[in-house]
Amino acid sequence: MYLLIPAAGSGRRMGSERNKLLLELLGKPLIAWTLLAAEASQTIKWIGIIGQSIDWEDFKSIVESLNLTKPVQFIQGGATRQESVYNGLQALPIGAESVLIHDGARCLATPELFDRCSEALQSCDGLIAAIPVKDTIKVVDATGAIESTPDRSRLWAAQTPQGFSVSLLKKCHEQGRQKGWEVTDDAALFEQCGLLVRIVEGEETNLKVTTPVDLAIAEFILRQRS
Ligand code: C5P
């Protein structure tokens, strides 16, 4: 299985001047934890890190320090996550049929989650890791008034990894570019093209490190694991 790691964002919501994936969590940069989980996965054979050129030197020295056994390729990131993944898809080796896409910022995903997604992708063209939502969700209008309350039993919080047939996802990205669709995950492109996306049970601890509070929670989870 091929793995693309979008890692070309900034640390704006973290209040950091650098890419948040370079921030340390228990003595290792965030991206290192993501890479170690990919290394420990039994199914991932190739890793593409999508980053901004300003971060390449740091990413390269992190990869070297981890002594990974799997081939790692560095890919130029774009202005949005959607553009970064698009670049990643173009950089996949010829012959890559299926791909998992996993946000570098979800640095607590386990190797077992990668493997569960890889296995499930053998019997479908598109899937995402997701968990049932715990909160009641409100749809709110521009004035701050609640418009509706969706039935919680049908709501799932999307995570990554998200896995797809490479040829189909490339077509969806091309269509998205032509039609000007702006999406925050790849499943949304698949859905808008009328293709089926399945759910694979995600992990409650697979949080996306976005704010300083997330960093503190991630540290707590890692301490519990060790
Ligand atoms: O900003 P957010 O946390 O939603 O980003 C999700 C993932 O997408 C992060 O791992 C981030 O590094 C990546 N990203 C990217 N290219 C961008 C913006 C975000 O690869 N231009």
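Residues numbered from 1 in each chain as written. Predicted model: local features only at pLDDT ≥ 70, side-chain atom pairs only at ≥ 80, totals over all residues. Heavy atoms only, no water.

I tried to follow the pairing of strand β7 (residues 126–132) on my own but got confused; where do I start?
The side chains of a regular strand alternate between the sheet's two faces. Counting buried positions along β7 gives six out of seven residues, so the element sits mostly inside the fold. Of the strand pairs in this sheet, β7 and strand β10 (residues 156–165) are connected by six bridges, and their pairing is antiparallel. When the sheet's bridge partners are listed, L127 is paired in β10 with G163. Where β7 meets strand β11 (residues 198–201), four bridges bridge the pair, whose relative direction is parallel. Along β11, the bridge assignment pairs L127 with R198. (Buried < 20%, exposed > 50% of the residue type's maximum accessible area, 1.4 Å probe, protein only. Helix = DSSP H or I, 4+ residues; strand = E, 2+ residues; numbered from the N terminus. Pairing = 2+ DSSP bridges.)

I'm lost on the site of the ligand in this one. Help?
The ligand sits among 16 residues. The nearest are P6, A8, R13, S84 and K208. Between a nitrogen atom of the ligand and a main-chain N or O atom of A79, the distance comes to 3.3 Å. A distance of 2.7 Å is found between an oxygen atom of the ligand and a side-chain nitrogen or oxygen belonging to K208. Considered class by class, the residues forming the shell around the ligand number six nonpolar, five polar and five charged. (Near = heavy atom within 4 Å. Polar contact = N/O pair within 3.5 Å; in protein donor to acceptor, adjacent residues only side chain to side chain. Nonpolar A, V, L, I, M, F, W, Y, C, P; charged D, E, K, R; others polar.)

Would you mind going over the pairing of strand β6 (residues 98–101) with me for this structure?
Bridge count between strand β1 (residues 2–6) and β6: three bridges; the pairing is parallel. Across the sheet, residue L4 finds its bridge partner in β6, namely I101. One ladder, built from four bridges, connects β6 with β10; its direction is antiparallel. Bridge pairing in β10 links L100 to G163.

Could you clarify how one ought to interpret the pattern of salt bridges in this entry?
All told, the structure shown has six salt bridges when counted by the stated rule. Here D55 makes a salt bridge to R18, at a shortest N to O gap of 2.6 Å. Of this pair, D55 sits in helix α2 (residues 53–66) while R18 sits in the loop between β1 and β2 (24–25), and the two are 37 residues apart along the sequence. Residue classification places D55 among the buried positions, given a relative accessible area of 2%. Here R18 falls in the partly exposed class, since its relative accessible area comes to 36%. Across the pair E204 and K134 runs a salt bridge whose closest N-O atoms are separated by 2.8 Å. On the criterion of sequence distance, the pair formed by E204 in the loop between β11 and α7 (212–225) and K134 in the loop between β7 and β8 (139–140) is long-range, its members being 70 residues apart. Grouping residues by exposure puts E204 and K134 together as exposed. Each of R18, D55 and D58 takes part in a single network of salt bridges with overlapping partners. (Salt bridge = Lys/Arg side-chain N within 4 Å of Asp/Glu carboxyl O.)

Any functional reading would require information beyond the geometric quantities listed.
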